[in-house]
Amino acid sequence: MSAKNPEYDFKWCPGCGDFGVRRAIEAALKQRQTETEQPMVNNVVVAGIGCSGNMVHLLEGEQPYGIHGIHGRSLPIAMGVKMGSPSLNVLVVAGDGDFLSIGQEHIAPQAARNLDITAVIMDNGVYGLTKGQSSPTTKVDTITSSTPFGKSEQALNPLMLYLALGVSYLASHVSTRVKDLGTTIADAMNHKGFSVVHVQSPCTTYNNTFQELKGNPKEGIAPLAWNIPEQHDSSDLEQAYEVVKQGGIPLGVIYRNTERPSLQDRVDEINNKSFERKIESIIESFAI
Amino acid sequence: MSAKNPEYDFKWCPGCGDFGVRRAIEAALKQRQTETEQPMVNNVVVAGIGCSGNMVHLLEGEQPYGIHGIHGRSLPIAMGVKMGSPSLNVLVVAGDGDFLSIGQEHIAPQAARNLDITAVIMDNGVYGLTKGQSSPTTKVDTITSSTPFGKSEQALNPLMLYLALGVSYLASHVSTRVKDLGTTIADAMNHKGFSVVHVQSPCTTYNNTFQELKGNPKEGIAPLAWNIPEQHDSSDLEQAYEVVKQGGIPLGVIYRNTERPSLQDRVDEINNKSFERKIESIIESFAI
Amino acid sequence: MQKNDFVVRFAGEGGQGMVTSSEGLAQAASSVGYNVQTFVTFPSQIMGGPTWAQARVSTSPVLSSGDSLDVLVAFNEEAYMAHKDEVSDGGVVIFNSGAFQPESGGNSFGMEFAKLAKQTGNARAENMIVLGALAYLVGMSQQILDDFVRERFTRGREGDEEIIIANIKALTLGRQEAEKSGFSLGELAPPEKPEGDQILINGNEAVAVGAIAAGVNFYVGYPISPATAILLWMERNLTGEGKFVYQASSEIEAINAVFGGGYAGRKAMSATAGPGLSLMGEGLGLAWMAEVPLVIVDVQRGGPSTGLPTKTEQSDLLMALTPGHGDISMPIIAPGTVEECFYASVMAFNWAERYQGPVILLSEHMLSERRQNIPKPEISKLKVENRKVYTGSNGYNRYDGWELSPMPIPGTPGSYIANGSEHDVMGDTTHLAERHIQMTERRFSKLKLLENESYESENTDASIVIMPWGGSKGPASAAYAQLQADGADLGWYYTMFLNPLPVKMLEELKKKSLVIVPELNYMGQMSGILRSQGVKAVSITQYTGLPFKVADLAKRITERVAQEKKEGVTV
Amino acid sequence: MQKNDFVVRFAGEGGQGMVTSSEGLAQAASSVGYNVQTFVTFPSQIMGGPTWAQARVSTSPVLSSGDSLDVLVAFNEEAYMAHKDEVSDGGVVIFNSGAFQPESGGNSFGMEFAKLAKQTGNARAENMIVLGALAYLVGMSQQILDDFVRERFTRGREGDEEIIIANIKALTLGRQEAEKSGFSLGELAPPEKPEGDQILINGNEAVAVGAIAAGVNFYVGYPISPATAILLWMERNLTGEGKFVYQASSEIEAINAVFGGGYAGRKAMSATAGPGLSLMGEGLGLAWMAEVPLVIVDVQRGGPSTGLPTKTEQSDLLMALTPGHGDISMPIIAPGTVEECFYASVMAFNWAERYQGPVILLSEHMLSERRQNIPKPEISKLKVENRKVYTGSNGYNRYDGWELSPMPIPGTPGSYIANGSEHDVMGDTTHLAERHIQMTERRFSKLKLLENESYESENTDASIVIMPWGGSKGPASAAYAQLQADGADLGWYYTMFLNPLPVKMLEELKKKSLVIVPELNYMGQMSGILRSQGVKAVSITQYTGLPFKVADLAKRITERVAQEKKEGVTV
Ligand SMILES: Cc1ncc(C[n+]2csc(CCOP(=O)(O)OP(=O)(O)O)c2C)c(N)n1
Ligand SMILES: Cc1ncc(C[n+]2csc(CCOP(=O)(O)OP(=O)(O)O)c2C)c(N)n1
Ligand code: SF4
Ligand code: SF4
Ligand SMILES: [Mg+2]
Ligand SMILES: [Mg+2]
């Protein structure tokens, strides 16, 4: 827990995947700080509600700005922050429930706009904070506290969704590969446009998938996670679809479109085309 | 306008695509009535808010049940109706704004559940009822009343979205082919699971695309609409993606998965596994 | 006798230029110094459908759109049947004899609109034919309309002159037809030019322009009647460096984006109507909790639910006061006139910045579409308030203390967390009872900063007073004037600051034996609020989707006063 | 002297069995006829974190969780420091000497919880050690706990007997340790077995079981503290043919699905907390407008916004009354005890079906987790109401008239449109003023069907009365009893029917010189509502996230009464 504050009383459970994500984000923020020579207060972390969202309070070291708002609304809030002050770096941190269930409606518009922010999603296939209900990424038939007879809906494929919606940068990762993950997040932050880093971050208390992800050769469990081969051309959307269709958890950058203008580019263009209207001349236009 | 009611005062503009969709729906309802030998009151039409949603008031002849609720919420309402009374046929009618903007969050869950209803979407690439603002399917750079300097976001590809979310039946159509459309809607209603019939239904007042859709050889305009070839195997998801990737407006059934259980199948299964708990025995379980 | 005032209604099918006619008349009349006010209703369908628009022209300030019509222009039979009963004794109907023939002539005369228009060489000049006839009837000089036409159609294009000539010809033709009819309403008194420069503007525009005057630089909104016009206006005018305006994908996106913008240091705004406000409750609660300034305009329409999108009502007040769960009390400003729309908008931003939180501006359909001449705002005299900004170094405790504290702007030192959960001085989540006490009291203490003494009062010695709110101010003040003239002993109170109410006004109201609140809702929402604050208040309600008529309201006030005198208060 | 009542608190780290201990004690004590009530708070983190749970055991009905502690069981030093000041004079602390040693001994004694547990051969028997010690201190017979252990662990599995023996051994060990300490709180009076059968249940369960008793057959909900337990319970128990229960993707989906279910003829329900209710406003408005029955439970927690998810508060009342825009007035039932949770739930469904519209059941965190013995509901005596259903042929005008009319069920003749826009008799959209008048009055007239005379009153001649609502009923009634005993001239009113209020009660309240409303919010929400209805009401508020303490409340009531007698009402 951040040393700053003795009143704050939330803790992740021992072994929670979010610890790894935290270290990766801290590393990414530092890396970007060096690269851009901007102060830490140029970063704003916008969190969803969930165990994962508590990230915004738990980051150690020099403190960025933060928003811990309401469940599912991190993206529109982030849009407001970014378009309100375009020189800021805006990082969304949210869980699979927050981002893909109650907040799912907000992905399509930002993908279509190519809002220049980075979303780090901690997917544990469960609602952690409310103690173990099923989430959109929970596998069908899984028994959870809210699906005592097995989950009756098919799991959402978030990577496929992101691609279909036109997210311009997509990476997939696991929380255990802290160093790679940190570099990927920094890379995503460097991308001009809407970037999503979708991280498998197991919930040790309600859905411990560490073993499935890594595999366990002794017990004959093949690992779900696999490295995207070097030769993958992430600028090719077709190839990106191929990666996702292979299933499992690909590790690395799946797609990156550097051609598309970001929302800010578009807005700048319009603001250049149009001129600022002064209040006096506006009022004059209503003169009788 | 339905003869039933002189107080109702909404009319579609002359030439509006929704007229064609209306005739197709009327035909489909009649066809299904014959096929299933069910009375018309076994149908419930759940409408979104928009010019398109007024469909529910404008259907002529024998009247189905109807709901004209609030903007964007036709799917969850339809879920309630269907799961509340599974023997009903539930038909959603909504516009591109209603279904793909404010209501977009509701598609993924129903696709994941395979809720057994049919959604007929009237896509005119514009907000008709509020007089001409841009919608998610409005093309980038288009000038509309709300995008005076050109729309700054990329258009959503709804067909791609539906496939990515796992909709189990997908057809694409145009409002002018009334007969085919009617047959397709009836076919979709016959499908057990979540079916979407996405119809190009041009708005003659704010976004008249009749010519683009049909093409105009004299003026060298190639038609956007094209017939899906007979040999297309709609049970193959790969082929479905291929059809959508070809762009334009494919006409016909793109995808059809008849293997997946519907939500009702799942619920029945669970209800068979579990037993009804009587109130007396429930109370007894709390006895001291 | 000279007439000082007339009301004309244009009724027909959408697309026949009803709105153009009424706004054109208003523009022409106001340009020579008359006071004007328009009233417009739209049909629910997009094209066609029964539409009507009305204009009132007067030598003195216009308080209401007028109870009955001096002239009805009926473009078709349906319109004639629907509106003829509202023509006053001595009023006149001009009907389109090219379209129909009314059963009984009476006080009406016909012209063939289309045929006459064709004679001018401009088939689209029907409205000018009508305006010409009208001008004759109400005794308005030919010159006024001629000048108006000349100004309007001088656009520096080729053919301007032709169009001008055709239109003036149309005006003359119409005038001649009216002359032939033998009808006349007497001569219109010459304008008493209002003091100072005037502008002609409607309520939605006034809200938008007020926001610009207050420094709005961030706008995100979702289309919804009757607020869409504000979004569209902003899309065109909130342009240039450092401005952001955007159409959201929903009201939920809008409120949260506006929250983010406010946090980032912007003057952020969205406008919506009831259904949108119902979706913004959670976001408004967040802004209250995290102390982030923003302004939400609710242009009320008939409710509940999808309700009556094109009708007027004042029924969102209760919802607006507590749009979300928990202890919150939203500051609310409700303008009563088009002019107040402008100042309410400026004040809404001032309030938001001053107390660092969300403010709701409660407008109404009837104000939003009403075009009216108002004194030109003097920008140099406006007081525009800006945020108290933190300028120190890092390590700031943004939520320290029991009252307002300076707000850090991201990008500069002073990082903290804006938190929707209860939080400590840094914004980190906490569950300590002491903290919840401190923060709750802190949030409410800031409302004190919004207290002011801006209200109207008249005849304050009276024990029974009228206190309308919002757009009912106009009809109520006309009714009040009428009752005063009739010798009634009534007082008058009015403010656009509904929450918090001006303290002194509230103190005075508490001493009254009865406060009568005319309002356009069923529940009597405002009088309930006043009673909860210790005022003996009752409502006079109406829920028809239309504004009060002055005579009707005056009668109901008289009845209520008589009842009060008989029974004493029964609240 | 015999003790009639004791309060014990178990405090430590999450996962150490605090809740199990308090609930076990409650179960054991209630099984022999004591009255019990538990109180639980959770930390915000998932595992570990400071947790405490409390149980009160009494020979008479338990009204509050108890102001001060007879016994504190401290599992670690942090817990000891946080809670020791709440131990009453003469109370005792049992601390875990395996974990820490308090600075000053005083009224405390230590045991090594873990070491003693190990001696029993069952390392998980720590709680039994503690319960044994506790039983000795409060003078509870060994037999009670032994029997409890025997019943609880007889599960028909192999090894049951071993576990029973180990646990009984643990109880005995604990008892011996306490005996050694020399402390004792005197002998607990034998139970006065309550009349009739009892069940042990918490507030969330009581709401859920009540819903089943009322015939709920459709439930869609989204997880949120403290309402999640209702969803989870339903997932397990609302099973079998014709039942539907589902986890929604959001509260917006939930309310709209429940609307659809209600329309389709179901008894439909969802449960949420404040943030969810804030998202349901639009859907609730639709149900009001289209006249569709449904029940929404709001288990209130600390607000606003994400607020204090694991703390108690009564601050959603204003929002619940008008959750959406326009003229709406949501029927509200707010239970004050665990028993009332059951009946409130039954009544909420009865109301929804009776007036054909949405009903809000306002529960609270403090009730939801409180486990208490209550008289076993007699199902055969419950009055369960069902919808007035239309059974005629097609062509029915569902919205004809000014009051309730039978509702058609889709699938049977009588098709109509449930419309969120203002509508005519068939449900088709219309904008006519007459229709809006008829429909608005129709919607409000139906509230009359909910009027009833179910309220408590005592000492009704007093001019100053106390009227708590919701979960503050318990502490308020204890305070009232105390003040009565001290000779105060105070009256008592209480109802769980907050909107509409029982008519006769409201009439009586209006005649009082002062109605004092203890409530857990800042704004004094209920007293404001009462004032708006003509009652001279003031609140005693608290916003700490915790329930009132009886002594504290009694003192504040006394002060308020004294002030009133000095000054007269100042509202
Ligand atoms: C409007 C609203 N609904 C529900 C909740 C309760 N809630 C808090 S977190 C959460 C889900 C968290 O799941 P996820 O986003 O996957 O985060 P995790 O805890 O797994 O990291 C829910 C339902 C809330 N805070 N607000
Ligand atoms: C909550 C809410 N927000 C906004 C509106 C206003 N509104 C009505 S219809 C509509 C969009 C209609 O567009 P679409 O769904 O494409 O239907 P179309 O009219 O084009 O058929 C909007 C924004 C509303 N009724 N409710
Ligand atoms: S519940 Fe799961 S996600 Fe939450 S902190 Fe514990 S391990 Fe992490
Ligand atoms: S506005 Fe467009 S969509 Fe609406 S009725 Fe007219 S043509 Fe059809
Ligand atoms: Mg999760
Ligand atoms: Mg559309």
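Being a predicted model, the structure only gives us computed values, none of them experimental. Within each chain, residue numbers correspond to sequence positions counted from 1 in written order. Just so you know, chain letters begin at A and ligand numbers begin at 1, following the order they were written in. Owing to the predicted nature of the model, reporting of local features is limited to residues with pLDDT of at least 70; listing and counting of side-chain atom pairs is limited to 80 or more, with chain, interface and lining totals taken over all residues. Side-chain calculation: all heavy atoms of the structure are included, whereas hydrogens and water are not.

### Things to note about the overall build of chain A
What chain A contains, in helices and strands, is 11 helices and 8 strands. For chain A, whose C-alpha radius of gyration is 20 Å, the value lies close to the compact-globule estimate of 19 Å for 288 residues. Each principal axis of the C-alpha distribution contributes one length, and for chain A these read about 80 × 50 × 40 Å. Per-residue burial over chain A gives 67% buried out of 288 residues. For chain A, the proportion of contacts with a sequence separation of at least 24, taken over those separated by at least 6, is 67%. The protein chains shown are the only cover counted for residues, whose accessible areas, like all others here, come from Shrake-Rupley with a 1.4 Å probe. By element, 51% of the accessible surface of chain A is carried by carbon and sulfur atoms, the whole surface being about 10000 Å². We count Lys and Arg on the positive side and Asp and Glu on the negative side, and we leave His and both chain ends out. Here the site of a charge means atom NZ of a Lys, CZ of an Arg, CG of an Asp or CD of a Glu. Side chains of chain A carry 24 positive and 31 negative charges; the gap between the two charge centres is 2 Å. A run of H or I in DSSP counts as a helix once it spans at least four residues, and a run of E counts as a strand once it spans at least two, with each numbered from the N terminus. Here the globule rule reads 2.2 Å times residues to the power 0.38, and the radius of gyration is calculated from C-alpha atoms. In this scheme, a residue with accessible area under 20% of its type's maximum is buried, one over 50% is exposed, and one in between is partly exposed, where area comes from a 1.4 Å probe on protein chains only. What makes two residues a contact is simply this: any of their non-hydrogen atoms within 4.5 Å.

### Brief notes about the pairing of strand β1 (residues 43-47) of chain A
Looking along a regular strand, one sees side chains alternate from face to face of the sheet. All names here are of chain A. Of all 5 residues in β1, 5 are buried; the element is thus mostly enclosed. The alternating pattern of β1 places Asn43, Val45 and Ala47 and Val44 and Val46 on opposite faces, both of which are buried. Of the pairings in the sheet, the one linking β1 to strand β3 (residues 89-95) comprises 5 bridges and is parallel in character. Across the sheet, residue valine 46 finds its bridge partner in β3, namely valine 92. One bridge is not enough; two strands pair if DSSP finds at least two bridges between them. Pairing geometry for β1 and strand β2 (residues 65-68), over 4 bridges, is parallel. Residue pairing in the sheet places valine 44 in a bridge with tyrosine 65 of β2.

### Focus on the site of ligand 4
Near is defined per residue: the residue qualifies when any heavy atom it owns lies within 4 Å of the molecule or strand. Taken together, Trp12, Cys13, Cys16, Cys51, Asn124, Cys203, Thr204, Thr205 and Tyr206 of chain B together with Ile46 of chain C form the complete shell of residues around ligand 4. Bordering ligand 4 are residues originating from chains B and C.

### Let's talk about the nonpolar core
By nonpolar core is meant a set of buried Ala, Val, Leu, Ile, Met, Phe, Trp, Tyr and Cys residues that side-chain atoms within 4.5 Å join together. By size, the foremost hydrophobic cluster in this structure holds 379 residues, and its most contacted members are Met234 of chain C together with Met234 of chain D. Methionine 234 of chain C has contacts with Ala208, Ala211, Ile212, Val216, Tyr219, Val245 and Met269 of chain C, leaving out every residue within four places of it along the chain.

### As for the coordination of the magnesium ion (ligand 5)
All names here are of chain A. Note: metal donors comprise N, O and S atoms at 2.8 Å or less from the metal (3.2 Å for Na, K and Ca); water molecules are not included, so apparent gaps in a site are possible. Coordination of the magnesium ion (ligand 5) by the protein is provided by Asp96 (OD), Asn124 (OD1) and Val126 (O), with metal-donor distances spanning 2.0 to 2.2 Å. Between consecutive donor residues of the magnesium ion (ligand 5), the sequence gaps follow D-x27-N-x1-V. Residue aspartate 96 is located in helix α4 (residues 96-102), and its partner asparagine 124 is located in the loop between β4 (118-123) and α6 (158-165); the two are separated by 28 residues in the primary sequence. Pair check on accessibility: aspartate 96 and asparagine 124 agree, each one buried.

### Topic: the site of ligand 2
Around ligand 2 there are 22 residues in total, and Cys51, Ser52, Asp96 and Asp98 of chain B together with Glu251 of chain C lie nearest to it. Near ligand 2, the surrounding residues are drawn from chains B, C and D. Within the side chain of serine 52 of chain B, one N or O atom sits 2.8 Å away from an oxygen atom of ligand 2. Identification of polar contacts relies on pairs of N or O atoms within 3.5 Å, with a donor-acceptor requirement for protein atoms, meaning one able to donate a hydrogen and the other able to accept it, and with residues adjacent in sequence counted only if both atoms are side-chain atoms. At 2.9 Å from an oxygen atom of ligand 2 is found a main-chain nitrogen or oxygen belonging to glycine 128 of chain B. Of all elements in the fold, only α4 (96-102) of chain B together with α10 (274-290) of chain C reach the threshold of two or more residues within the shell around ligand 2. It is α4 of chain B that contributes the most residues to the shell around ligand 2, 3 residues altogether. Each residue belonging to the shell around ligand 2 can be placed in one class, and the counts come to 10 nonpolar, 8 polar and 4 charged. Here the nonpolar group is Ala, Val, Leu, Ile, Met, Phe, Trp, Tyr, Cys and Pro; Asp, Glu, Lys and Arg are the charged ones; every other residue, Gly included, is treated as polar.

### Looking at the coordination of the magnesium ion (ligand 6)
Octahedral six-donor coordination of a metal ideally yields angles of 90 or 180 degrees, compared with 109.5 degrees for tetrahedral four-donor coordination. All names here are of chain B. The magnesium ion (ligand 6) binds to the protein through Asp96 (OD), Asn124 (OD1) and Val126 (O), with metal-donor distances spanning 2.0 to 2.2 Å. Sequence positions of the residues that donate to the magnesium ion (ligand 6) give the spacing D-x27-N-x1-V. Assessed through its relative accessible area of 12%, asparagine 124 is described here as buried.

### Concerning helix α15 (residues 473-485) of chain C
In an α-helix, one turn spans 3.6 residues, which is why side chains three or four residues apart end up on the same side. Residue and element names in this part refer to chain C. Given the number of residues in a helix, its expected span is that number minus one, multiplied by 1.5 Å. In this model, α15 (13 residues) spans 18 Å end to end at C-alpha, consistent with the 18 Å of a helix rising 1.5 Å per residue. Here α15 has its buried residues at Lys473, Gly474, Pro475, Ala476, Ser477, Ala478, Ala479, Tyr480 and Leu483. Contact partners of the buried residues in α15: α12 (338-355), β16 (456-458), β17 (464-466), β18 (491-494), β20 (514-519) and α18 (550-567). Two residues or fewer past α15, glycine 487 is found with a positive phi of approximately 90°.

### A few points about the interface of chain D and chain A
Contact residues are listed per partner, giving 20 residues for chain D and 30 residues for chain A. Joining two parts hides part of their accessible area as seen by a 1.4 Å probe, and the buried area is that hidden amount summed over both. Taken together, both faces of the contact between chain D and chain A bury some 2000 Å²; the carbon and sulfur share is 55%. A side-chain nitrogen of Lys or Arg and a carboxyl oxygen of Asp or Glu constitute a salt bridge if their distance falls within 4 Å. Put simply, chain D and chain A have 0 salt bridges between them. Summed over the shared surface of chain D and chain A, the number is 11 residue pairs in polar contact (both at pLDDT 80 or more). Contributing elements (two or more residues each) for the side of chain D that touches chain A: α8 (228-237) and β9 (244-247) of chain D. When the residues that make up the side of chain D that touches chain A are grouped by side-chain class, the tally is 8 nonpolar, 9 polar and 3 charged.

### Regarding the interface of chain D and chain B
If you look at the interface, chain D gives 67 residues, while chain B gives 49 residues. Summing both partners gives a buried area of about 4600 Å² for chain D against chain B, and 60% of it is carried by carbon and sulfur. Notably, a salt bridge pairs glutamate 284 of chain B with lysine 376 of chain D, separated by 2.6 Å at the nearest N-O pair. The tally of links between chain D and chain B comes to 22 residue pairs in polar contact (both at pLDDT 80 or more). Of all the elements in the fold, those that place two or more residues in the side of chain D that touches chain B are α1 (18-31), β7 (198-202), α7 (203-214), α8, β9, α9 (251-263), α10 (274-290) and β15 (417-419) of chain D. Ranked by the residues each element gives to the side of chain D that touches chain B, the list is headed by α9 of chain D, at 8 residues. Classifying every residue of the side of chain D that touches chain B gives 29 nonpolar, 28 polar and 10 charged. Of the pairings in the sheet, the one linking strand β2 (residues 65-68) of chain B to β15 of chain D comprises 3 bridges and is parallel in character. Bridging from a neighbouring strand, histidine 68 of chain B pairs with asparagine 419 of chain D of β15 of chain D.

### Observations regarding the packing of aromatic side chains
To pair, rings of Phe, Tyr and Trp, with the six-membered ring standing in for Trp, must have centres within 6.5 Å; the planes then decide the type, stacked if under 30 degrees apart, edge-to-face if over 60, and tilted in the middle. One pass over the structure, following the stated rule, counts 47 aromatic pairs over all chains. Each ring, one from tyrosine 80 of chain D and one from phenylalanine 100 of chain D, has its centre 5.7 Å from the other, and the planes form 45°; the classification is tilted. Taken together, the residues tyrosine 80 of chain D in helix α2 (residues 77-83) and phenylalanine 100 of chain D in the loop between β5 (87-96) and β6 (108-111) connect sequence positions 20 residues apart. Here phenylalanine 100 of chain D falls in the buried class, since its relative accessible area comes to 6%. Ring pairs connect the aromatic residues Trp288, Tyr355 and Phe444 of chain C together with Tyr522 and Tyr543 of chain D, which therefore count as one cluster. A cation over a ring is seen here: arginine 9 of chain D above tryptophan 52 of chain D, with NZ or CZ 3.9 Å from the ring centre. To sit over a ring, a charge needs its Lys NZ or Arg CZ within 6 Å of the ring centre and within 35 degrees of the ring normal.

### Focus: unusual backbone geometry
Cis geometry marks the peptide bond from glycine 303 of chain C to proline 304 of chain C; its omega dihedral reads -5°. Note on placement: proline 304 of chain C falls in the loop between β11 (294-300) and α11 (317-321). In the segment running from asparagine 499 of chain C into proline 500 of chain C, the intervening peptide bond is cis, with an omega of -5°. Its place among the elements puts proline 500 of chain C in the loop between β19 (497-499) and α16 (503-510). You will see that asparagine 114 of chain A, though not glycine, has its phi angle at about 60°, which is positive. Position of asparagine 114 of chain A among the secondary structure elements: in the loop between α5 (107-113) and β4. In this structure asparagine 114 of chain A comes out as buried when scored by relative accessible area, which is 0%. One non-glycine residue, glutamine 356 of chain D, lies in positive phi territory at about 55°. Looking at the secondary structure, you find glutamine 356 of chain D in the loop between α12 (338-355) and β13 (358-364). Residue classification places glutamine 356 of chain D among the buried residues on the basis of a relative accessible area of 0%.

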